[in-house]
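Spelled out from the first residue to the last, the chains are:
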Amino acid sequence: MAELAILALMICAALLPFVVMAWLVRGGRNGPALSLMSIAGGFFVVLIYASGRPFGIDPVGAMSGAMLVFLPALLGGGAGALLGWMLRRRDDRRLQ
């Protein structure tokens with residue numbers, strides 16, 4: 001049952017940025033989209049750094065948070081940005 005909870009956490013962590021990034025990029029709001037991806041990437045890098053250094057964070061918890069939450073968020077956000085870009089191109093082509 002714990003495996004299902006972990007899988008659900010990873011899917012939710014990837015699905016939310018996917019939808020938000022697709023919506024932002026399709027609407028032409030690339031600045032906020034890049035800011036959100038930069039924040040997620042920053043948290044990912046800090047947690048990876050904290051897992052190898054005596055930083056004040058539990059190394060196992062830091063690596064778990066990085067791999068279970070922020071890596072899927074980055075992958076989902078990147079896929080959502082790509083989808084939003086492709087949908088925006090299609091909409092622009094239809095207007096011409």
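You'll find the structure just up there.
Residues numbered from 1 in each chain as written. Predicted model: local features only at pLDDT ≥ 70, side-chain atom pairs only at ≥ 80, totals over all residues. Heavy atoms only, no water.

*Asks:* I keep staring at the overall build of the chain and nothing clicks. Help me out?
*Replies:* Helix and strand counts for the chain come out as three helices and zero strands. Moving toward the C terminus, one meets the helices and strands of the chain in the order α-α-α. Relative to the 2.2 N^0.38 estimate, which gives 12 Å for 96 residues, the radius of gyration of the chain is 16 Å and therefore markedly larger than a compact globule would have. Dimensions of the chain, computed from the C-alpha atoms along their principal axes, are close to 55 × 30 × 15 Å. Taking all contacts inside the chain whose residues are at least 6 apart in sequence as the whole, residues at least 24 apart take part in 67%. Summed over its atoms, the accessible surface of the chain is roughly 6,400 Å², and 74% of this surface lies on carbon and sulfur atoms. For the chain, the centre of its 8 positive side-chain charges and the centre of its 4 negative side-chain charges are spaced 15 Å apart. (Helix = DSSP H or I, 4+ residues; strand = E, 2+ residues; numbered from the N terminus. Rg over C-alpha atoms; globule rule 2.2 N^0.38 Å. Contact = heavy atoms within 4.5 Å. Areas by Shrake-Rupley, 256 points an atom, 1.4 Å probe, with all protein chains shown as cover. Lys, Arg positive; Asp, Glu negative; His and termini not counted. Charge placed at Lys NZ, Arg CZ, Asp CG, Glu CD.)

*Asks:* Can you help me understand the pattern of salt bridges in this one?
*Replies:* Oppositely charged side chains may form a pair once their charged atoms are brought near each other. Inspection of every chain in the model, using the stated rule, returns two salt bridges. For the salt bridge of Arg 26 with Asp 91, the shortest nitrogen-to-oxygen distance reads 3.0 Å. Of this pair, Arg 26 sits in helix α1 (residues 2-26) while Asp 91 sits in helix α3 (residues 59-95), placing them 65 residues apart in sequence. Taking the shortest distance from any N to any O, the salt bridge between Asp 91 and Arg 90 comes out at 3.8 Å. Owing to a relative accessible area of 33%, Arg 90 belongs among the partly exposed residues under this scheme. (Salt bridge = Lys/Arg side-chain N within 4 Å of Asp/Glu carboxyl O. Buried < 20%, exposed > 50% of the residue type's maximum accessible area, 1.4 Å probe, protein only.)

*Asks:* Help me understand the nonpolar core, please; the structure alone is not making it clear to me.
*Replies:* In globular proteins that are soluble, nonpolar side chains generally tend to be buried together. One finds Ala 40, Phe 44, Leu 47, Ala 50, Ala 62, Ala 66, Phe 70 and Leu 74 forming the largest nonpolar core, which totals eight residues. For this core, the secondary structure elements donating two or more residues are α2 (30-52) and α3. Aside from chain neighbours lying at most four places away, what touches Ala 66 is Phe 44, Leu 47, Ile 48 and Leu 71. (Core = buried A, V, L, I, M, F, W, Y, C linked by side-chain atoms within 4.5 Å.)

*Asks:* Teacher, can you tell me more about the packing of aromatic side chains here?
*Replies:* Any two aromatic rings considered together are summarised by their centre-to-centre distance and by the angle between their planes. One pass over the structure, following the stated rule, counts one aromatic pair. On the numbers, 5.4 Å between centres and 20° between planes, the contact of Phe 43 with Phe 70 is stacked. Taken as a pair, Phe 43 in helix α2 and Phe 70 in helix α3 lie far apart in primary sequence, 27 residues in all. Assessed through its relative accessible area of 46%, Phe 43 is described here as partly exposed. The positively charged end of Arg 29 is found above the aromatic ring belonging to Trp 23, 4.5 Å away from the centroid. (Phe/Tyr/Trp six-rings, centres within 6.5 Å; stacked < 30°, edge-to-face > 60°. Lys NZ or Arg CZ within 6 Å of the ring centre and 35° of its normal.)

*Asks:* Help me understand α1, please; the structure alone is not making it clear to me.
*Replies:* Because each turn of an α-helix spans 3.6 residues, side chains separated by three or four positions end up pointing in the same direction. Between the first and last C-alpha of α1 there are 36 Å, a value that for 25 residues agrees with the 36 Å anticipated at 1.5 Å per step. Among the residues of α1, those classed as buried are Ala 13, Pro 17, Met 21, Ala 22, Leu 24 and Val 25. Where α1 is buried, its residues meet α2 and α3. Once α1 finishes, Gly 28 follows within two positions and takes phi at roughly 85°, a positive value. (Expected span 1.5 Å × (residues − 1).)

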